[in-house]
Amino acid sequence: MSNEQPVRSSQFDVRCSEHSRFPTPNAERRTPNRILITHCSQQFGTVPALSDVNLAVRQGEFVCLVGPSGCGKTSLLRILAGLAQPTSGTAHLAGRVATVFQGQSLFPWLTAVDNVAYGLQLAGMPTGRRREIAIAQLRRVGLERFARAYPHTLSGGMQQRVNIARALAVDPDVLLMDEPFGSLDEQTRILMQEQLVALWQGSGTTVLFVTHSVDEAVAMGDRVCVMSARPGRIILDMPVDLPRPRTRYADRKGIAFRAVATRIWETLEAQVRRAQDVELTGEAVR
Ligand SMILES: Nc1ncnc2c1ncn2[C@@H]1O[C@H](COP(=O)(O)OP(=O)(O)O)[C@@H](O)[C@H]1O
Ligand SMILES: [Mg+2]
């Protein structure tokens, strides 16, 4: 008898489908998972940040994660990015990963194009090629004309588009985004949502996008996951079966959109109240 090990990728898929909370059509069942989080917990000293988080995200899926402040969203993304280890459980990510984190800043001494090319330089790519890729990515986010601009001369929205171009430059399989539009004004934010979805659609990239905004999550996500107050775990995993595009201002006023957003908000609201209790009294009283 041969002592061949089972094929790892199929093992991965089987485990993923076990954790899927919704029946999946056959075509989708063949799509591999890019993210698989199983019984993941994180403890910081006496603070339990995450508790038994389970989540599977398929290739090409756009999943939004909402939850009260301090419920462990950033901790979860840091674990997925390989920047931290869970206290228990596992978090697997398959493929190349890129991140756009909250308040992430560009290198002020580098031009936009050099900021975008930075990761490629670290990877040892020759100058000409990385410049070509960086310019192409800046073009995708509409900033080709600003290639030689320094960050301080760009608006907040433009800087965040450079950050997105920088993440896309490494051609990621998985993009982890932690409140990337949190510091932008509402008008810029709505346009950025539309542009990000346009960049993502058809790319095959898996996106896990953390936001505080329920409307932003419903406008962009294939699914919206709601986390509980600390210790965070996923308490609602809701598919958004609304036609795209749905990022425009008017799309958000539709009855079907509001119904999904309200369902998510009702779940989230209870957790925001619990999080306030934890903040005020040290423990949840609801
Ligand atoms: N490195 C750390 N050391 C100690 N506590 C931490 C650390 N990182 C996060 N925390 C705590 O863990 C909890 C979750 O934090 P975080 O993941 O940043 O939440 P969120 O992103 O949802 O606002 C918070 O109570 C935070 O204070
Ligand atoms: Mg955070």
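All values derive from a computational prediction rather than experimental measurement.

K.L.:
Which parts of the structure should I look at to understand the sheet that holds strand 6 (residues 174-178)?
P.N.:
Pairing between the strands of a sheet is mediated by backbone hydrogen bonds and can be parallel or antiparallel. The sheet built from six strands is open, its strands ordered 5-6-7-3-8-9 with mixed pairing. Here the strands that pair on one side only, and so sit at the sheet edges, are strand 5 (97-100) and strand 9 (234-239). The average undirected angle you get between the axes of adjacent strands in this sheet is 15 degrees. With four bridges joining them, strand 3 (residues 62-66) and strand 8 (residues 223-227) adopt parallel strand pairing. Bridging from a neighbouring strand, L65 pairs with C225 of strand 8. Relative to strand 5, helix 6 (residues 156-169) is tilted by about 170 degrees, and along the sheet it contacts strand 5 and strand 6.

K.L.:
What's the story with the environment of C40 in this structure? I'm lost.
P.N.:
Mapping C40 onto the fold places it in strand 1 (residues 33-44). As a C-alpha pair, C40 and N54 span 14 residues in sequence and 6.7 Å in three-dimensional space. Filtering out sequence-adjacent residues up to four positions away, C40 remains in contact with L50, V53, I79, P86, G89, T90 and A91.

K.L.:
Is there a simple way to think about the site of ligand 1 in this case?
P.N.:
Near ligand 1 the following residues occur: F44, V47, A49, G67, S69, G70, C71, G72, K73, T74, S75 and R230. Breaking the shell around ligand 1 down by element, the ones donating at least two residues are strand 2 (47-58) and helix 3 (73-80). With three residues, the single largest contributor to the shell around ligand 1 is helix 3. Classifying every residue of the shell around ligand 1 gives four nonpolar, six polar and two charged.

K.L.:
I would appreciate a short explanation of the sheet that holds strand 2 in the present structure.
P.N.:
Taken in spatial order, the three strands line up as 2-1-4 in an open sheet, and their pairing is antiparallel. Of all the strands in the sheet, the pair left with one neighbour each is strand 2 and strand 4 (88-93). Recorded for the sheet is a direction-independent mean angle of 20 degrees between the axes of neighbouring strands. Here five bridges tie strand 1 to strand 4, and the two strands are oriented antiparallel to one another. Pairing of S41 across the sheet is with S88, part of strand 4.

K.L.:
How should I be thinking about the packing of helix 6 against helix 7 (residues 186-200) in this particular structure?
P.N.:
The relative placement of two packed helices is expressed as an angle between their axes plus a distance between the axes. Across the interface, helix 6 lies against helix 7 with an axial gap of 11 Å and an inter-helix angle of 15 degrees. Classed by the angle they form, the pair helix 6 and helix 7 counts as roughly parallel. Regarding helix 6 and helix 7, the two cross each other, and that crossing is right-handed. Across the interface between the two elements, G157, Q160, I164 and L168 of helix 6 pack against T188, M192, L196 and L199 of helix 7. Residue composition of the contact of helix 6 with helix 7, grouped by class: five nonpolar, three polar and no charged.

K.L.:
Explanation requested: helix 7 in the structure shown.
P.N.:
Helical periodicity: at 3.6 residues per turn, an α-helix aligns residues three or four positions apart in one direction. End to end, helix 7 covers 21 Å across 15 residues, agreeing with the expected 21 Å (1.5 Å per residue, within 8%). Residues R189, M192, Q193 and L196 constitute the buried set of helix 7. Each buried residue of helix 7 lies within a common arc of 105 degrees when the element is viewed along its axis, so the set occupies one face. G202 occupies a position one or two residues after helix 7 and carries a positive phi of about 80 degrees.

K.L.:
For this particular structure, what's the right way to read the pairing of strand 9?
P.N.:
Regular strands have side chains that alternate between both faces of the sheet. As paired elements, strand 8 and strand 9 share five bridges and run antiparallel to each other. Counterpart to M227 in the pairing with strand 9 is I234. Between the antiparallel neighbours strand 8 and strand 9 lie six residues.

K.L.:
I tried to follow unusual backbone geometry on my own but got confused; where do I start?
P.N.:
A negative phi holds for most residues other than glycine; trans holds for most peptide bonds. Residue P231 is bonded to the preceding R230 through a cis peptide linkage, with omega at -5 degrees. With respect to the element layout, P231 can be found in the loop between strand 8 and strand 9. Residues R244 and P245 are joined by a peptide bond in cis, for which omega reads 0 degrees. Its place among the elements puts P245 in the loop between strand 9 and helix 9 (255-281). Its identity is not glycine, yet D52 carries a phi of approximately 55 degrees, on the positive side. Tracing the backbone shows D52 in strand 2. With a phi angle near 50 degrees, D171 is a residue other than glycine that sits in the positive phi range.

Procedures and definitions
Residues numbered from 1 in each chain as written. Chains lettered and ligands numbered in written order. Predicted model: local features only at pLDDT ≥ 70, side-chain atom pairs only at ≥ 80, totals over all residues. Pairing = 2+ DSSP bridges. Helix = DSSP H or I, 4+ residues; strand = E, 2+ residues; numbered from the N terminus. Axes fitted to C-alpha atoms, helices over the stretch in contact; angles between N-to-C directions. Contact = placed C-beta atoms within 7 Å. Near = placed C-beta within 6 Å. Nonpolar A, V, L, I, M, F, W, Y, C, P; charged D, E, K, R; others polar. Parallel < 35°, antiparallel > 145°, perpendicular 65-115°, else oblique. Left-handed = near helix turned anticlockwise from the far one by under 90°. Expected span 1.5 Å × (residues − 1). Buried ≥ 20, exposed ≤ 12 C-beta atoms within 10 Å, placed from the backbone. Arc of directions from axis to C-beta.

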